[in-house]
Amino acid sequence: MQTRATSQDSPTPGQSGILRRIREFTLIGRDPVLFMSLLLSGIFIFVFVVFPLYKSIVGGFVSKEGAFDVTYFARYFDDYYGPGLRKAFLDTMLMGLLTATSGTLVGFIFAYAVVRCNIPGKRIVHWLALVPTVSPPFALALSMILLFGRNGLITNRLFGITWVKGMNDVYGLDGLVIVQTITFFSVSYLMLRAMLERLNPAMEEAAASLGAGRFHLFRTITLPLLIPGIAGSFLLLFVESLADLGNPLFIAGNKTVLSAQIFLAVIGEYNYQKASALSLVLIIPTLVIFLVQRYYVNRRTYISVTGKPAGSQIMEKDPVIRWIVNGITYLIIAFILLLYATIIYGSFSTAWGVDFTPTLKHWTMTVTRGVEAILDTTFLSALATPVAAILGMIIAWLVVRKKFTGKDALDFSSNLGGAVPGTILGIGFVMAFNKPPLALAIVIYAIMALFFAQVIGRKAHERVIILVAGTIAGVLLTRLEPRAMYFYLGGMYLVIAVLMMISQRKVVPSLVAGLIGVYVMSTNWANAIAKPIATYSRSLERGFWSNAIYQFSDHLKVLIQPTDALLAIVLVFAGVFLMQSIKKSGFRMAVGVLGLAVPCALSFVGVPFAMVGGAYIIMAAFIVRSLPASVRSGVAALQQIDPSIEEASNILGADAQYTFRKVTLPLILPALLAGLIFSFTRHMTSLSAIIFLVSAKWRIVTASILSEWEQGGVSIAAAYSTVIIVFVLIAIFVLNLLVNRLFKGRGSVDMSQGF
Amino acid sequence: MYLTLNNITKIFPARGGVGEVTAVHNVDLEIKKGELVTLLGPSGCGKTTTLRMIAGFEFPTTGEIILDGQKINSLPPHKRDMSMVFQSYAIFPHLTVFENIAYGLNVQRLSKSEISGRVNRVLDLVHLEGYGGRAPTQLSGGQQQRVALARALVMEPKVLLMDEPLSNLDAKLREEMRTEIRRIQKEMNITSVYVTHDQIEAMTLSDRIVVMNLGIIEQIGTPVEMYRFPNSRFVANFIGRANFVPGVVKEQRDGRLTAKALGEVITLKDVKRQFNQEEEVTLVVRPEMVRVKKSGELYKGTIRRAVFLGDVIEYDVEVSGQLLTGLETDPHVMTLFPEGEEVTVGFAEGCIQALPAEKKHE
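Residues numbered from 1 in each chain as written. Chains lettered and ligands numbered in written order. Predicted model: local features only at pLDDT ≥ 70, side-chain atom pairs only at ≥ 80, totals over all residues.

**What about the overall build of chain B?**
Alright, step 1. Within chain B, the regular secondary structure consists of eight helices and 20 strands.
Alright, step 2. Across its three principal axes, chain B shows a C-alpha extent of roughly 75 × 50 × 45 Å.
Alright, step 3. Of all intrachain contacts in chain B linking residues separated by at least 6 positions in sequence, the fraction that spans at least 24 positions is 64%. (Helix = DSSP H or I, 4+ residues; strand = E, 2+ residues; numbered from the N terminus. Contact = placed C-beta atoms within 7 Å.)

Encoded structure:
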C-alpha cells in the first residue's frame, strides 16, 4: 500500500527502491557466507516458528471436516458454555495481573537490597534469586503443596490444621500467585537491578541539591526513571504467568486458566480445533504485550538510561528502610531455600504427609524406571544446545552487523518462538508436522535448489541444467524402495568424492564427500549397529544399566537417522561448501547434478517433515524456545564490539574469514558459552512446548513429573525435579568454570542476558 | 600523483528507507607521495566517508580511486596495502600490545624473528619500549593511541589513514601527539590522509588541508594559503576567525583593489580574484587585522565589549552599525578601554582579502 502511494506521488523513489533491492540482492549473492546464514536462519524460523504458529492460529477456525467454523469462539458468548469460559478467561487475566504486580514488587525489593542497601552476602542473594530460573516449571508448586497442602508439613504437622471442606487451602488463585511470584520474580529482579545500577547518581544528587526531600526525590526522580524497567518487568511477568502451564496444573485447584484448558483440550479430548481456538484467545493478549514491550517500552528504556553503569552508587542512608528492605529480602530467600529443601527432602520421605522417615525407594525407582526419561531429556537437550547457541549467534550477527531487507522480520520472528506460550507452539508443532502439506516440502526444496544452482553454476545454462537434471533425478530416486534408495544416494556421494578427487586433487574435501556418502548409506545399517547394543542391554539384569544401555542404542539411531527433510537441507549447504571451488565446467555440472539429486530425493521421500513422535521434533521445539535467549546474548556481545575493531583487522590485511576466527570469535566466545548455558537450561526445564510432542519412545522428565504427580507419586516427582535442578546446576558450573579458565576475568559472562 | 580521487560521489539510502542522501559529491583530490593531507570540516561534511572510501570500507557510487597508477575502486580493504588509525583506536582487547601490533604481520605469515624485530622497532618509535607484554586495558588513553598508531605504522603501508585519532585525548596530550605524529610521518615519509574537525590540528599537521562542507570540497591548499586566501566565507570562518565587512569595488589594478567599506575607502593588496567596478564584495577582516586605538585611525567606533585574555585584549567595537572583533596584541598596553568608550578603528589593509558578496539565503 505504501509503495503504491509513493510511486503515485513521484515515480522515482519507488523505482530507485526496487533498483536498490535488486542491487542489494546481487550484493548478498556475492557474499556466500551472508547468503547461507540468511537462508539457514530464514528457513529454520519459517519452518519451525512461523509455519507452526500459523497452523495453530488457523486451526481454531477449521473443523474436523475441514470447513470454516467458529464454534469454539461462539461458545464464549452463549449461555451454556459462556459463563464458564468467560470466568476462566477473567481468572487467567487476574492471575496475570496479580503475579505481575507481586513479582515486580519482589523483584524491586531484591534489586534495591542488592544495589542500594549493601545487603550482607550480596553475591549469595544474587545467585539464590536466580535459582528459580533453572528449576523445572512446577518444582515450586510441588514443594508448596508439600509444605502447605492439605497434608502439608507446616499446615498439618506443625500447626495441626486438618483440612475440612470449605476451608481455604493452598490450591486456587492465591497459592498459584504465590508460586508464580517466586518462580518468575528473578526476571524482574535482573531488569530492575540493571536499571538501578545504571541510574546516574548525578540526577538524584541534583534533585537533592535542589531541595527535594527523600520521599519527594524517590517519587519524582527515582521512580519515573525506573518506570520503563518496572513496566517492562510487569509486562514480561504478565506474559510468563499467562503462558505458565506447570504451576496451574498442580496448584490451581478448581480454578481453570487458559493454558490448562488448552492442555486438557488436547490431552483429555484430543480436540485440536478447540485447543487452537483457546490458544488464539491466549495468544492475543500475549502478542499485544510482546509488541508493546518491544516497540514502546524498550524504546523508552534507551532514552531514559544513559550508557554504562555509573561509577559510584548512591547508598540508602536511612537504616530503617535499609533493614526493612534487607529483612524482606532475607525472608523471601529463606522461603525459597525452604521450598527447594522440601523438594529434596520430599524425594527421600517414605510417604509424604503420613510417614516422613527417609528412604531411598523413590530414588531406586527414579534411576531404574525413570532413567529412560532422564537420559532422553539430557541427550536431546544437549544435542539441541549447540545448534540453538550457534543459530542464535548467526542471527545476532545478521541483526547487528548486516543490512538487508527483512532484517526486522528476522529479528522479530526469532524472538516470537520464545515469547508465545509454549502450549500454543506445541499445538502448532503437532498440527504442522503430523501430516505436513507437500507444499511445505516443495517450497523449501525450491528455495534450497535455486540457491544451490545459483552458487554452483557459473552461467545461466549451467544453472538450468543442474536444477532440472538434479530435480528429475532426485524425484525418480524416490520411486525406489527406500532401502535401495539410501544405497543409491550414498553411492552418488561416493561418485562425487571420486569426481572431486580427479578434478581438484584435494584430499580433505573428497574425503568429506566420501564420508557423507557412507553416512547417508548407514541409515540402512542403523538397526544393525544399534541392535547388538539393545540385545546386550536386555541380557543384563533389569535396572539402571540395562535401561541406560538400551537408551544408548536409541540415541545412536537418532544420530544415524536424522529426519530426511532436515538432512536434505544440511546436504545442500555441505554441497555448496564442497563443490563451490571446482574450476572445470564439466566436472562442476556433473557434481552439481548429483549433489542436488541427493537432497532432492531426501526432501520428498515418504511424507516429508512428518516428524511427530520422533526425537527431532522435540529438539526443534527446544531450539525454538531457547533461541531468543541466545540471540539476545549474542546481540549484547556484538553490540559491545566496536565495528571498527573488525575493520581494523580487515585493513591490516585479514580477510573476513581470518577476522572472524582471530577477532570476532574470541570476543563473542563468552556470549556463545552463555548462550549454551541458557539453551541447555531452557531445554532441560521446558514443559509446555514439548508436552504434546513426547511419545512412548521419547520421554521427557518434565512430562514424567506431571504424570507421576497425577498418579500420586509425589516423591518420585520430587526426585525427578531434583535431578533436573542438579543436572542444570552442574552444567552451569562446568561452563562457568570453562569460561573463567579460558578468559581469566576478561570478557565476563553476563548471566542476566538470557532470562 | 600517488593517490588520486577522481570525481567521487557516494550516495547512501536515507534512514527510514525513503530517498537518498549524497554524502560525498564529485570530489577530486590528488595526493603526492609522502604528503600529509588533512580532510577538515564539520560533522556530516563527508570527510569520514571519503576516508572510508579510500580505505575500502565503502565503495564509491561513481568515480574512481587510483593508487600508484592502479585503479582500486572495488578492491576490498585487506588487499589495499593501507592501514588506518581509528577514532576509537579499535585495539583488539583480547591481545597484548605486542600481539596487537604484530597482527597484520602475522596475517602476512612473516617469520617470528622478523615480526619481533619490526614490532620492537615501531614500539621504540612511539616510545612504548617494554610495553609489549601488557594488556590493552592496562594502558592509558595516550598509550592506547600510540599502540593504535604503531599497529598501523608497522605495516609500512602505502597510505596511512587516520580518522580523528586524537579526539579522545585531553588537550595537553593531544598537543603532544600532534607533533609526535607529524615527526614520525616525516621520518618515515608515509603518505597520509588525516581526518579531523579541529582546525588547529589541521594547521599544525598538514602539508595541505582540504576543507569539506556538505559533501563537497570547499578549498584545497597549504595552511598558509587557507588562512590568507580563503575562497569562501565558510573557509574563512572555519579556519581562524573573521569579520565580514560588506564593501563596493571602486577600482582594481595590478592586484591592488580600492573599495568603499563602512563609509570609507580602503586599499587592499594581493587580491587574486578579479572584480568588476561597483561590484558588491565581502571583505574578510581577521581580528588581528583590526587595530583599536584611542585616536588616529580611519574609523570612529564605540567599545561594546572588552575582554582581557592575557596574551591579547579582545574588543567588540561597533563601527557604522556593525560589530567588529579586534585584538590588541601590543604587550605595552596595560589598560582596557571601558565599554561605551569612543575609539578609532583601523585595518591592516594590505592583509585583507575580498570575496564576492554572498546572497544571504541562509
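Resuming the write-up.
**Describing the overall build of chain A**
Alright, step 1. Counting secondary structure elements, chain A contains 32 helices and two strands.
Alright, step 2. Expected size for 755 residues packed as a compact globule is a radius of gyration near 27 Å; at 28 Å, chain A falls within 12% of this value.
Alright, step 3. If you line up chain A on its principal axes, its C-alpha atoms span 85 × 70 × 60 Å.
Alright, step 4. Burial statistics for chain A: of 755 residues in total, 45% are counted as buried.
Alright, step 5. In chain A, the proportion of contacts linking residues at least 24 apart, taken out of those at least 6 apart, comes to 80%. (Rg over C-alpha atoms; globule rule 2.2 N^0.38 Å. Buried ≥ 20, exposed ≤ 12 C-beta atoms within 10 Å, placed from the backbone.)

**Topic: the sheet that holds strand E18 (residues 322–328) of chain B**
Residues and elements named next belong to chain B.
Alright, step 1. Strand order in the open sheet made by the five strands is E15-E19-E16-E17-E18, with antiparallel pairing throughout. If you trace the sheet from one side to the other, it starts and ends with strand E15 (290–293) and E18, each paired once. Within the sheet, the average angular offset between the axes of one strand and its neighbour, ignoring direction, is 45°. (Pairing = 2+ DSSP bridges. Axes fitted to C-alpha atoms, helices over the stretch in contact; angles between N-to-C directions.)

**Let's talk about the nonpolar core**
Residues and elements named next belong to chain A.
Alright, step 1. Membership of the largest hydrophobic core comes to 313 residues, with the highest contact counts inside it found for Met 144, Ile 618 and Ala 621.
Alright, step 2. Considering every element that reaches this core, the biggest residue donor is helix H28 (residues 615–640), with 16 residues.
Alright, step 3. Aside from chain neighbours lying at most four places away, what touches Ile 618 is Leu 380, Ile 690, Leu 693, Trp 698 and Ile 700. (Core = buried A, V, L, I, M, F, W, Y, C linked by C-beta atoms within 7 Å.)

**Overview of the sheet that holds strand E4 (residues 62–67) of chain B**
Residues and elements named next belong to chain B.
Alright, step 1. Read from one edge of the open sheet, four strands run E2-E1-E4-E5, paired in antiparallel fashion. Lying at the two open borders of the sheet, with one neighbouring strand each, are strand E2 (20–31) and strand E5 (70–71).
Alright, step 2. Across the sheet, helix H1 (residues 47–55) touches strand E1 (3–13), E2 and E4, and the angle it forms with E2 is around 65°.

**Side note on the environment of A:Ala528**
Alright, step 1. Here A:Ala528 shows up in helix H24 (residues 526–539).
Alright, step 2. Between the alpha carbons of A:Ala528 and A:Ser143 there is a distance of 46 Å; along the sequence they are 385 residues apart.

**Quick notes on the environment of B:Val122**
All names here are of chain B.
Alright, step 1. Along the polypeptide, Val 122 turns up in helix H3 (residues 112–125).
Alright, step 2. For Val 122, a count of 24 C-beta atoms within 10 Å gives the class buried.
Alright, step 3. Here the alpha-carbon distance between Val 122 and Leu 153, two residues 31 residues apart in the chain, equals 7.2 Å.
Alright, step 4. Setting aside anything within four residues of it in sequence, one finds Val 122 in contact with Ile 101, Ala 150, Leu 153 and Val 154.

**Some points on helix H29 (residues 643–651) of chain A**
Alright, step 1. In terms of burial, H29(A) is a largely internal element, seven of the nine residues being buried.
Alright, step 2. When we look at burial in H29(A), the residues that qualify are A:Ile645, A:Glu646, A:Glu647, A:Ala648, A:Ser649, A:Asn650 and A:Ile651.
Alright, step 3. Buried residues in H29(A) make contact with helix H30 (656–685) of chain A together with H1, strand E6 (82–85) and helix H2 (97–107) of chain B.
Alright, step 4. The positive-phi residue at the C-terminal boundary of H29(A) is A:Gly653, with phi of around 110°.

**Here we look at the pairing of strand E13 (residues 264–268) of chain B**
All names here are of chain B.
Alright, step 1. Bridge count for strand E12 (residues 256–261) against E13 is five bridges, and the pairing is antiparallel. Within E13, the residue paired with Lys 260 across the bridge is Val 265.
Alright, step 2. Linking E12 to E13, which pair antiparallel, is a turn of two residues; within it Leu 262 sits at a positive phi near 50°.

**Quick look at the interface of chain A and chain B**
Where the parts come together, the accessible area they lose is often given as the size of the interface.
Alright, step 1. Each side of the interface is counted separately: chain A has 21 residues, and chain B has 21 residues.
Alright, step 2. Elements represented by at least two residues in the side of chain A that touches chain B include exactly helix H2 (11–30), H29 and H30 of chain A.
Alright, step 3. At seven residues, the largest contribution of residues to the side of chain A that touches chain B is made by H29(A).
Alright, step 4. Among the residues making up the side of chain A that touches chain B, the classes are represented as 10 nonpolar, six polar and five charged. (Nonpolar A, V, L, I, M, F, W, Y, C, P; charged D, E, K, R; others polar.)

**Some points on the pairing of strand E10 (residues 216–221) of chain B**
Residues and elements named next belong to chain B.
Alright, step 1. Sheet analysis places strand E9 (residues 208–213) next to E10, joined by five bridges and oriented antiparallel. For Val 211, the partnering residue across the bridge sits in E10 and is Gln 219.
Alright, step 2. Counting the residues between successive antiparallel strands, the hairpin from E9 to E10 contains two residues, one of them, Leu 214, with a positive phi of roughly 50°.

**So, the confidence of the model for chain A**
Residue and element names in this part refer to chain A.
Alright, step 1. With 91% of its residues at a pLDDT of 70 or more, chain A has an overall mean of 81.
Alright, step 2. Of all the helices and strands in chain A, helix H1 (residues 2–9) carries the lowest mean pLDDT, 35, while helix H15 (residues 319–346) carries the highest, 90.
Alright, step 3. Per-residue pLDDT stays below 50 along residues 745–755; that stretch engages in 26 contacts with residues further than four places along the chain or on separate chains. (pLDDT = per-residue confidence, 0-100.)

**Regarding the packing of helix H3 (residues 32–58) of chain A against helix H18 (residues 407–419) of chain A**
All names here are of chain A.
Alright, step 1. For the pair H3 and H18, the least separation of the axes is 10 Å and the interaxial angle reads 45°. As the angle between them shows, H3 and H18 are arranged oblique. As for the relative orientation of H3 and H18, their crossing is left-handed in sense. For the pair H3 and H18, the contacting residues are Ser 41, Gly 42, Ile 45, Val 49 and Val 50 in the first and Leu 410, Ser 413, Ser 414, Leu 416 and Gly 417 in the second. (Parallel < 35°, antiparallel > 145°, perpendicular 65-115°, else oblique. Left-handed = near helix turned anticlockwise from the far one by under 90°.)

**Some details on unusual backbone geometry**
Residues and elements named next belong to chain B.
Alright, step 1. Residues other than glycine seldom take positive phi values, yet Ala 90 does so here, at roughly 50°.
Alright, step 2. Turning to its location among the elements, Ala 90 is positioned in the loop between E6 and H2.
Alright, step 3. For Ala 90, a count of 25 C-beta atoms within 10 Å puts it in the buried group.
Alright, step 4. Phi angles above zero are rare outside glycine, and Asp 254 is one such case at about 50°.
Alright, step 5. Mapped onto the elements, Asp 254 comes out in the loop between strand E11 (243–253) and E12.
Alright, step 6. For Asp 254, a count of 6 C-beta atoms within 10 Å corresponds to the exposed category.

**Description of the confidence of the model for chain B**
Alright, step 1. Across chain B, the average pLDDT comes to 90, with 98% of residues at or above 70.
Alright, step 2. Scored as a complex, the prediction yields pTM 0.81 and ipTM 0.84.

**Points about the packing of H18(A) against H28(A)**
Residue and element names in this part refer to chain A.
Alright, step 1. Here H18 crosses H28 at 125°, and the two axes come no closer than 6 Å. As the angle between them shows, H18 and H28 are arranged oblique. Once H18 is placed against H28, the crossing between them reads as left-handed. Only Val 624, Arg 625, Leu 627, Pro 628, Ala 629 and Val 631 of H28 make contact with H18, whose side of the interface consists of Ser 414, Asn 415, Gly 417, Gly 418 and Ala 419.
Alright, step 2. Taken together, the residues that form the contact of H18 with H28 break down as six nonpolar, four polar and one charged.

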